Amino acid sequence: MKALLLENIHPVAVETLERRGFEVELRTASMSEDELLAALPGVTLLGIRSNTKVTEKVLANAPELLAIGCFCIGTNQVDLVAAAERGVAVFNAPYSNTRSVVELVIGEIIVLARRLSEKTQKMHAGVWDKSAKGSHEIRGRTLGIVGYGNIGTQLSNVAEALGLRVIFFDTADRLAHGNARRMHSLDDLLAEADVVSLHIDGRPGNAGFFGAEQFARMKPRSMFINAARGMVVDTEALRDQILSGHIAGAALDVFPIEPKAQGDEFESPLRGLDNVILTPHVGGSTQEAQEEIGWFVAGKLAGFVLEGRTELSVDLPAVLAPQLSTGSRIGFLHVNVPGVLAELNARLAEQGVNVTAQYLATRGEQGYVVTDVAEPVSDSVATALAASDHTVWLRSWTA
């Protein structure tokens, strides 16, 4: 079995997969659609980060691909509907780099408030500019967090510990941490926040989420941070607001179009602006986070292929099954209609197969049942189940 890992994924992922018996090919750059089509024949597992797009066309032409690992938080770079239809499991790391992103944002808030990027540029140019003009403490300032999920809530806790007042807005019903206050609308948050930090996901509906209208509603001389997804912000509108002086500073770690490989030229209308921090999508790129992500996602991929476990899959029904220690296991992904489980158990009973454990979950139009049995299932039973009109795939494993 072969695994193809792109975009400089941490070596611990290679070690984890090789230890489980996979042949691993590691590449540093992302791939285009055509490059993926050429590279995927013979590949069982594909590992990517945020810059490689796995489209419906790619999935349709990769029949040997069983699972995709997104070694990052987001999964919007994968056509999840097409993956689910083909039974290709997709896994990500929703928690592993949370702290790294939070620390980057906290650092950026301080750097922007003290205008340190301008100070250091002048020092490198040989200019001694010892002045407090435009420089502020962050204590007592109001941080507005847009998107109060895993990163947003941890940012809330750390920011409050540093003396920031925290307000947040989320369309989901989120529990406020500490003394954070929920705002009833985005406009209410923008009117009150001294710093606005985005932490929303990359679903298509969020494209262009923050543009000229939203920047205009922010407080005069407030600051803006985006460590979420590049496509959610209109960078031309942000440039206009910075040049006008309405926005005092900004920090962006993600961009609508990002270079494909290390060392490629980066283009942005925000280049060259004072008090603007531009970082190359490194929010989660700490050694600690990347090692944790590599271990976590690689483990999920191996667990799925070698044992049929789908816990934390983002597109298939998530079955929390234990590691297979004895006997055999059948994994049956099927159309979610009444009677499928009964058909499975009837065929096993006809052959006198002793079921030792069974785990079932459904997700939308699909169901997934993992059945542990004392002895291997006969070829006739497997053939009959695989031929069912309701079958997406049927796989078996032996301890």
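The text that follows walks through the structure, step by step, so that each part is easy to find. As the structure is a prediction and not an experimental result, all values here were calculated from the model. (Residues numbered from 1 in each chain as written. Predicted model: local features only at pLDDT ≥ 70, side-chain atom pairs only at ≥ 80, totals over all residues. Heavy atoms only, no water.)

A word on the overall build of the protein chain. Counting its secondary structure elements, the protein chain contains 13 helices and 16 strands. Overall, the C-alpha framework of the protein chain stretches about 85 × 45 × 35 Å when taken along its three principal axes. Each of the 399 residues in the protein chain was classed as buried or not, and the buried ones make up 49%. Sequence-distant contacts, at least 24 apart, represent 63% of the contacts inside the protein chain between residues at least 6 apart. On the protein chain, roughly 18,500 Å² of surface is accessible, and the fraction owed to carbon and sulfur atoms is 50%. (Helix = DSSP H or I, 4+ residues; strand = E, 2+ residues; numbered from the N terminus. Buried < 20%, exposed > 50% of the residue type's maximum accessible area, 1.4 Å probe, protein only. Contact = heavy atoms within 4.5 Å. Areas by Shrake-Rupley, 256 points an atom, 1.4 Å probe, with all protein chains shown as cover.)

Another point: the nonpolar core. One finds Leu 5, Leu 17, Leu 45, Phe 71 and Phe 304 to be the most contacted residues of the largest nonpolar core, which totals 34 residues. At the level of elements, β1 (2–5), α1 (11–19), β5 (89–91), α11 (287–307), β15 (366–373) and β16 (391–398) are the ones that each hand at least two residues to this core. Take this core: its biggest share by element is eight residues, from α11. Excluding residues that lie within four positions of it along the chain, Phe 71 makes contacts with Leu 5, Ile 9, Ala 13, Gly 47, Ile 48, Arg 49, Ile 293, Gly 294, Val 297, Ala 298 and Leu 301. (Core = buried A, V, L, I, M, F, W, Y, C linked by side-chain atoms within 4.5 Å.)

Moving on, we come to helix α7 (residues 150–161). With 12 residues, α7 should reach 16 Å at 1.5 Å per residue; the first-to-last C-alpha distance of 17 Å fits that figure. In this structure, the buried residues of α7 make contact with α5 (98–114), β6 (142–146), β7 (165–169) and β9 (195–198). (Expected span 1.5 Å × (residues − 1).)

Pairing in this open sheet of seven strands is parallel, and the strands run β8-β7-β6-β9-β10-β11-β12 from one edge to the other. Across the chains shown, the open sheet's two edge strands, defined by having one partner strand only, are β8 (181–182) and β12 (276–278). Both β7 and β8 contribute to a ladder of two bridges, which runs parallel. Residue pairing across strands places Ile 167 opposite Arg 181, the latter belonging to β8. Across the face of the sheet, α7 comes into contact with β6, β7 and β9 while running at roughly 170 degrees to β6. Those strands touched by helix α10 (residues 235–244) are β10 (222–226), β11 (247–252) and β12, and its axis lies near 145 degrees from that of β11. (Pairing = 2+ DSSP bridges. Axes fitted to C-alpha atoms, helices over the stretch in contact; angles between N-to-C directions.)

Time to look at the packing of helix α12 (residues 340–350) against helix α13 (residues 379–386). Between α12 and α13, whose axes approach to 10 Å, the crossing angle comes to 160 degrees. Considering their axes alone, α12 and α13 lie roughly antiparallel with respect to each other. The way α12 lies across α13 gives a crossing that is right-handed. Contact residues: Leu 344, Arg 347 and Leu 348 in α12; Val 381, Ala 384 and Leu 385 in α13. (Parallel < 35°, antiparallel > 145°, perpendicular 65-115°, else oblique. Left-handed = near helix turned anticlockwise from the far one by under 90°.)

Once that is clear, we can look at unusual backbone geometry. Located in the positive-phi region is Arg 115, a residue other than glycine, with phi close to 55 degrees. Within the secondary structure, Arg 115 sits in the loop between α5 and α6 (116–124). By relative accessible area, which is 16% here, Arg 115 ends up buried. Of note, the phi angle at Asn 275 is positive, near 55 degrees, even though the residue is not glycine. Secondary-structure assignment places Asn 275 in the loop between β11 and β12. On the basis of relative accessibility, which here comes to 1%, the residue Asn 275 falls in the buried class.

On the surface, a cluster of negative charge is contributed by Glu 15, Glu 18, Glu 288, Glu 291 and Glu 292. Those elements giving two or more residues to the negative patch turn out to be α1 and α11. (Patch = residues over 30% accessible without salt bridge, like charges linked within 9 Å, V, L, I, M, F, W, Y side chains within 5 Å. Salt bridge = Lys/Arg side-chain N within 4 Å of Asp/Glu carboxyl O. Lys, Arg positive; Asp, Glu negative; His and termini not counted. Charge placed at Lys NZ, Arg CZ, Asp CG, Glu CD.)

What follows concerns the packing of α1 against α11. Between α1 and α11, the shortest axis-to-axis distance is 7 Å and the interhelical angle comes to 25 degrees. Put simply, α1 runs roughly parallel to α11. The element α1 and its partner α11 pack so that their crossing is right-handed. When α1 is examined against α11, the residues Val 12, Ala 13, Thr 16 and Leu 17 are found in contact with a partner set consisting of Glu 291, Gly 294, Trp 295, Ala 298, Gly 299 and Ala 302. Of the residues assigned to the contact of α1 with α11, the class counts are six nonpolar, three polar and one charged. (Nonpolar A, V, L, I, M, F, W, Y, C, P; charged D, E, K, R; others polar.)

This part takes up the pairing of β7. Working note: regular strand, side chains alternate between the two faces of the sheet. Burial runs high along β7: four of the five residues are buried. Note that β6 and β7 share five bridges and pair parallel. Bridged to Leu 143 within β7 is Val 166. In this region the chain leaves β6, passes through α7 and returns to the parallel neighbour β7; the handedness of that crossover is right-handed. (Right-handed = clockwise from strand over helix to strand, strands pointing away.)

The next subject is the packing of aromatic side chains. All chains considered together, the criterion is met by 10 aromatic pairs. With a centroid separation of 3.7 Å and 10 degrees between ring planes, the pair formed by Tyr 148 and Phe 168 is classed as stacked. With a gap of 20 residues between them, Tyr 148 in the loop between β6 and α7 and Phe 168 in strand β7 connect regions that are remote in the sequence. Accessibility expressed as a relative area gives 1% for Tyr 148, which makes it buried. Centre to centre, the rings of Tyr 368 and Trp 393 are 5.5 Å apart; their planes meet at 65 degrees, and the pair counts as edge-to-face. Of this pair, Tyr 368 sits in strand β15 while Trp 393 sits in strand β16; the two residues are 25 residues apart in sequence, bridging distant segments of the chain. Trp 393 carries the same exposure label as Tyr 368, and that label is buried. Taken together, Phe 91, Phe 304, Tyr 368 and Trp 393 form an aromatic cluster joined through their ring pairs. (Phe/Tyr/Trp six-rings, centres within 6.5 Å; stacked < 30°, edge-to-face > 60°.)

Reading across the sheet, the four strands line up as β14-β15-β13-β16 and stay open at both edges, with antiparallel pairing between neighbours. The open sheet has two edge strands, β14 (355–363) and β16, and neither has a second partner. Along the sheet, successive strands turn relative to each other by an average axial angle of 10 degrees, direction set aside. Note that strand β13 (residues 328–335) and β15 share eight bridges and pair antiparallel.

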